[in-house]
Amino acid sequence: MKSKVVSWTVRGSVIFLISGCVMALFWYHELLYRYGLLSLFVFGGLGIAALIATVSWLTRPYKSLRMRGKRSFYFPPEDLTKVVFGTISMISIPIDDEKPPGQGSLCVARVDSGKRTPFANFMIKDVNRAIVSDIEEEDLSRMGFYDIDELQTKAQESGVTLSDDLEVYLVEFEVLEKGRF
Amino acid sequence: MGGLAYFLVLVIFIGSLVVLLLGVITLKKRGLRSVFAALMTAFLIVNFCWLFGPGGFLGIDPSFYSLLGGSATVLTFPMATFLILMFLHPRNLVKQISTFSLLMIPAVVLGSWASQVGVGATQVYEIQYVYLFVILCICLGLVESIWGWLGSRTVRNQCYLFILAFLVLFATGPLYDYELEMLGFWGLRGASLGAPIVGAFILAPLVMANPMPFVKTPYLTISKSRPSYDLKQGRCYGISEKRPKYCYTLFKDLSDSGYTTMVLTSSDPGRLRMDLGLTGSTVIGMTSRDTSKTLKATNLGRVLFTLTDFAEKNRKPVMLLDCLHYMLSNNDTVDVAELIQKLIEPIERNDGVLIMSFSLMTKEEKETLLGLDVVHLQMPPPEDVISRILSAHLGDLSEYLLKLSSRMMNKKARDFTVEDIPELSSILAHSMRALGNATNEEAILRNWERQVIGLRQSLASFQNAPIAFLSSDGWMDRDPLDWMKKPQRRRPKMRMVAGQAVIPKALATTDRKVSLHDEVSGVFVDSLGDFGGDLLRMECANLGIEPKTMTKEDVEMLADSAVTIVSEMGGFVNVESANGSMKATAENLKKGLGRIFQETVEWYPE
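Rules used in this analysis
- Residues numbered from 1 in each chain as written.
- Chains lettered and ligands numbered in written order.
- Predicted model: local features only at pLDDT ≥ 70, side-chain atom pairs only at ≥ 80, totals over all residues.
- Heavy atoms only, no water.
- Helix = DSSP H or I, 4+ residues; strand = E, 2+ residues; numbered from the N terminus.
- Buried < 20%, exposed > 50% of the residue type's maximum accessible area, 1.4 Å probe, protein only.
- Areas by Shrake-Rupley, 256 points an atom, 1.4 Å probe, with all protein chains shown as cover.
- Contact = heavy atoms within 4.5 Å.
- Patch = residues over 30% accessible without salt bridge, like charges linked within 9 Å, V, L, I, M, F, W, Y side chains within 5 Å.
- Salt bridge = Lys/Arg side-chain N within 4 Å of Asp/Glu carboxyl O.
- Phe/Tyr/Trp six-rings, centres within 6.5 Å; stacked < 30°, edge-to-face > 60°.
- Lys NZ or Arg CZ within 6 Å of the ring centre and 35° of its normal.
- Pairing = 2+ DSSP bridges.
- Axes fitted to C-alpha atoms, helices over the stretch in contact; angles between N-to-C directions.
- Buried area = accessible area lost by both parts, 1.4 Å probe.
- Polar contact = N/O pair within 3.5 Å; in protein donor to acceptor, adjacent residues only side chain to side chain.
- 1 Å grid on protein atoms, 1.4 Å probe; cavity = no way out; pocket = protein on both sides within 12 Å on 5 of 7 lines; lining within 4 Å.
- Points joined across faces, edges and corners; volume = space filled by probe spheres on them.
- Nonpolar A, V, L, I, M, F, W, Y, C, P; charged D, E, K, R; others polar.
- Lys, Arg positive; Asp, Glu negative; His and termini not counted.
- Charge placed at Lys NZ, Arg CZ, Asp CG, Glu CD.
- Core = buried A, V, L, I, M, F, W, Y, C linked by side-chain atoms within 4.5 Å.
- Parallel < 35°, antiparallel > 145°, perpendicular 65-115°, else oblique.

### Observations regarding the overall build of chain B
For chain B, the helix and strand inventory stands at 25 helices and nine strands. Looking at chain B as a whole, 52% of its 606 residues qualify as buried. Roughly 27,600 Å² of accessible area belongs to chain B as shown, and the carbon and sulfur atoms make up 58% of that amount.

Structural data, given as structure tokens:
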């Protein structure tokens, strides 16, 4: 929420600044008359078009103003929409794997196939640890599973063995910006 | 000067007074409270002078107001900066003294000079030196806040508010004068407008940094804790266990003994308090956000402040950290280790005890933390020890009785702790007696009764076992049947491997012959534990078989009879799939006995 408010404030300020500058040009409108109607129509039109294009590019809503995340997390293609729309908001990583970044870190979500294209940027909301058999139903549903068996089967299919006694990181995240599909 | 402006200044005056009172009541740290009170008093004086002083609404013109207002206005900005520096460097005495010299001494000098010259609150900013000094103070506060924000994650949230406060102070201070003059609100000039706003901004992080009201007992009455636990005062213990259980047991023991205790937990504080029955303890939750009741995992500064404050203010404090894995997940290991190192010092100084749960940690993290002065206790999972004892006494039946008990206690078997043993023992005894009664056999009933006594003794011995014994893995080498102090029957040493009788080395070297009864008894005990031995003796008596002169035909009869009993026993247990599993156990028993009477080995009578 805080980041969204900051983002809207900054974007709004940029738009206001540019609009203010454009409006301020009216003060000098007499200077513009000497260029003639055709020049104003062609060059002025092109200039304004370029300005609008630049502003809309700068303030595009699916790009964050904040820095890019360095760490990438990979999701299977079938989970892509679930991650983007928030159906999946948690992942589990075996504790012996690389430690995930802490709360507040920015990360990139990539498709786990082919070019590994990034499809979203997300922020880590919370990182906790648990034994696989102790994972609560609420967390399982956040991961997109009905029960532990399903989690273990899916993990097995992707080449990771999640035994009952294995300790895992539970990484909760929130998608900040979505890529274009 | 309009009535609206007068009303606004009055509201601001009351607002400043409220913020001052709130600060004095809420802030616990004496130094911070004094500086905050002084700052807000200066604000109030400025307001008062604007209300009643020369050029104010009421038109009273005593020179006293003028002088007081001038000096108070000069003092306001350095005091606000000093307050922030005290917060950012709470333990750095050199920095505090140097800041005091840099800010407060010139402020006092300038303030007294302004008083002597007779410059009041209305004109004080017009003096060049005062103006420059105020700007210097604001810049210094801003730089320090931004530096703290960038440099340390621990004070970042607080620095946001400080920076905001300074911006408000800056906007409502010297620069804002001219805008107000243009608007005609002369009375709102100077620091007066920002007083309650700035005060509230500065107050909020200070309150957040020290929100926990610690209830101190007037007299510390400590009774003796359990001698078997034997935790030394002034020491820190790291307890390695699969799930955090013993750490709670030890903590609760010390809490019940009267020590002043505090838990920092990543689970729900309310539920933990209820589950453990911690009435007099302070329970603080650790979550992903800072609130007045919880600490944020990444805000290590506030965590350290809260913990050290508790450790320093109480005599013989006992602290439990069960959220180390959570802190380690969200911070660097080195940062957490530093925090623990800083916490150990006041704990040792005040003869306290720090208990840390090392569950859910990687090897590297454990090694890093054990590099500090921490006593490491590797505790066994209570459910494993309980299961081992039950298995030795009841064989395969143990699994079903454990499930039954778990259902009756409304608790998963993996969550059993040492404190559950009395209840578990009682439920097991009732179930076993009920099973004995259901068979309508007096001999079986007697057998069960003996098992009940043995089992209860074993469980009680485990419950009272010394920590040193459990943490040294001694429990693993100990025969589970030896947990009870009753005369032991020697368990037969024979084992069947792939249908062949294997003579243990000890027996082979003494050239001792193996009897058929030994072999049969071994199969019974392997399948049904201690209960199996009793069942064999009982069935021999029922069928009129003399153990010493047992033949293969007798074994066949025994097999049929025992298998029937064991199969029927599953029906008495009110656990899902118990019936089928007991039948499977009976089949195994039958197979084991079948191998004996089908073999051509020559058995020797005892």
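### Considerations on the overall build of chain A
Secondary structure summary: chain A contains six helices and five strands in total. Along chain A, helices (α) and strands (β) appear in the sequence α-α-α-β-α-β-β-β-α-α-β when read from the amino end. Counting across all 181 residues of chain A, residues that qualify as buried make up 34%. For chain A, restricting intrachain contacts to residue pairs at least 6 apart in sequence, the fraction spanning at least 24 positions comes to 75%. Total accessible area on chain A stands at roughly 11,700 Å², and carbon and sulfur atoms take up 63% of it.

### Overview of a nonpolar patch on the surface
On the surface, A:Leu38, A:Phe41, A:Val42, A:Phe43 and A:Leu46 cluster together into a nonpolar patch covering about 610 Å² of accessible area. Note that A:Phe43 resides in helix H3 (residues 37-58).

### Some words on the packing of aromatic side chains
Residue and element names in this part refer to chain A. Following the criterion strictly, the structure yields six aromatic pairs over all chains and no others. With a centroid separation of 6.0 Å and an interplanar angle of 75 degrees, the aromatic rings of Phe75 and Phe119 are classed as edge-to-face. On the criterion of sequence distance, the pair formed by Phe75 in strand E1 (residues 71-75) and Phe119 in strand E4 (residues 118-131) is long-range, its members being 44 residues apart. For the pair formed by Phe75 and Phe119, the shared burial category is buried. Through pairs of rings, three or more aromatic residues link up here, namely Phe73, Phe75, Phe119, Phe122 and Phe173. Taking the ring centre of Tyr74 as reference, the NZ or CZ of Arg116 above it sits at 4.3 Å.

### Let's talk about the sheet that holds E4(A)
Residues and elements named next belong to chain A. Reading across from one edge, E1-E3-E4-E5-E2 is the order of the five strands in this open sheet, with mixed pairing throughout. Unpaired on one side and paired on the other, E1 and strand E2 (90-94) mark the two borders of the sheet. Adjacent strand axes in the sheet meet at a mean angle of 40 degrees, parallel and antiparallel pairs treated alike. In this structure, strand E3 (residues 106-111) lies alongside E4, joined through five bridges in antiparallel fashion. Of the residues in E4, the one forming a bridge with Arg110 is Pro118.

### Remarks on the interface of chain B and chain A
Of the residues lining the interface, 21 residues belong to chain B; the matching set on chain A comes to 18 residues. When chain B packs against chain A, close to 1,500 Å² is buried across both sides, 39% of that on carbon and sulfur atoms. Where chain B touches chain A, the interface holds four salt bridges. Our enumeration of links across chain B and chain A arrives at 15 residue pairs in polar contact (both at pLDDT 80 or more).

### Comments concerning the pattern of salt bridges
For the coordinates displayed, the defined rule picks out 17 salt bridges over all chains. Residues A:Arg142 and A:Glu138 are paired through a salt bridge, measuring 3.0 Å at the closest nitrogen-oxygen approach. Highlighted residues: A:Arg142 and A:Glu138, both in helix H5 (residues 137-143), separated by four residues, approximately one helical turn. A salt bridge links B:Arg349 to B:Glu312; its shortest N-O distance comes to 3.5 Å. On the criterion of sequence distance, the pair formed by B:Arg349 in helix H13 (residues 333-349) and B:Glu312 in helix H11 (residues 300-313) is long-range, its members being 37 residues apart. Each of A:Asp134, B:Arg243, B:Lys245, B:Glu383, B:Arg414 and B:Asp415 takes part in one network of salt bridges that share partners.

### Here we look at the layout of surface pockets
Estimated volume of the second largest pocket: approximately 1,800 Å³. Around the second largest pocket, the lining is made up of 47 residues, and of these A:Asp134, A:Glu136, B:Ser267, B:Asp268 and B:Arg271 lie nearest the centre. Its residues assigned to classes, the lining of the second largest pocket comprises 14 nonpolar, eleven polar and 22 charged.

### What about a negative patch on the surface?
On the surface, A:Asp96, A:Asp97, A:Glu98, B:Glu364 and B:Glu367 cluster together into a patch of negative charge. With respect to the secondary-structure elements, B:Glu364 resides in helix H14 (residues 363-370).

### A look at the nonpolar core
All names here are of chain B. Ile355, Ile386, Leu397, Trp448, Val520, Leu535 and Leu593 are the most contacted members of the largest nonpolar core, which has 76 residues in total. Residue contributions to this core peak at eight residues, all from helix H24 (residues 552-572). Here Ile386 is in contact with Leu402, Phe416, Ile421, Leu424, Leu459 and Phe462, once residues within four sequence places are set aside. Counting 47 residues, the second largest nonpolar core, distinct from the first, contains Leu39, Ala80, Phe82 and Ile138.

### Comments concerning empty space enclosed by the protein
Residues and elements named next belong to chain B. Taken as a whole and judged by the stated rule, the model has two cavities of 30 Å³ or more. Estimates place the volume of the second largest cavity at around 30 Å³. Along its surface, the second largest cavity is lined by Glu241, Lys242, Arg243, Lys245, Pro380, Pro381, Pro382 and Glu383. Taken together, the residues of the lining of the second largest cavity sort by class into three nonpolar, no polar and five charged.

### Remarks on the side chain of B:Asn314
Structurally, B:Asn314 can be placed in the loop between H11 and strand E5 (317-321). A polar side-chain atom of B:Asn314 sits 2.9 Å from the main-chain carbonyl oxygen of B:Phe310.

### What to know about the packing of helix H17 (residues 421-438) of chain B against helix H18 (residues 442-463) of chain B
All names here are of chain B. As a packed pair, H17 and H18 sit with axes 9 Å apart at the nearest point and diverge in direction by 170 degrees. Considering their axes alone, H17 and H18 lie roughly antiparallel with respect to each other. Contacts between H17 and H18 pair Ile421, Pro422, Ser425, Ser426, Leu428, Ala429, Met432, Arg433, Leu435, Gly436 and Asn437 from the former with Ile444, Leu445, Trp448, Glu449, Gln451, Val452, Leu455, Arg456, Leu459, Phe462 and Gln463 from the latter. Looking at the contact of H17 with H18 residue by residue, the class counts come to 13 nonpolar, six polar and three charged.

### Considerations on the sheet that holds strand E4 (residues 294-296) of chain B
Residues and elements named next belong to chain B. With respect to topology, seven strands assemble into an open sheet ordered E4-E3-E2-E5-E6-E1-E7, the strand pairing being parallel. For this open sheet the edge positions go to E4 and strand E7 (375-378), each flanked by a neighbour on one side alone. Recorded for the sheet is a direction-independent mean angle of 20 degrees between the axes of neighbouring strands. With four bridges connecting them, strand E2 (residues 260-265) and strand E3 (residues 282-287) associate as parallel partners. Counted as the bridge partner of Met262 is Thr282 from E3.

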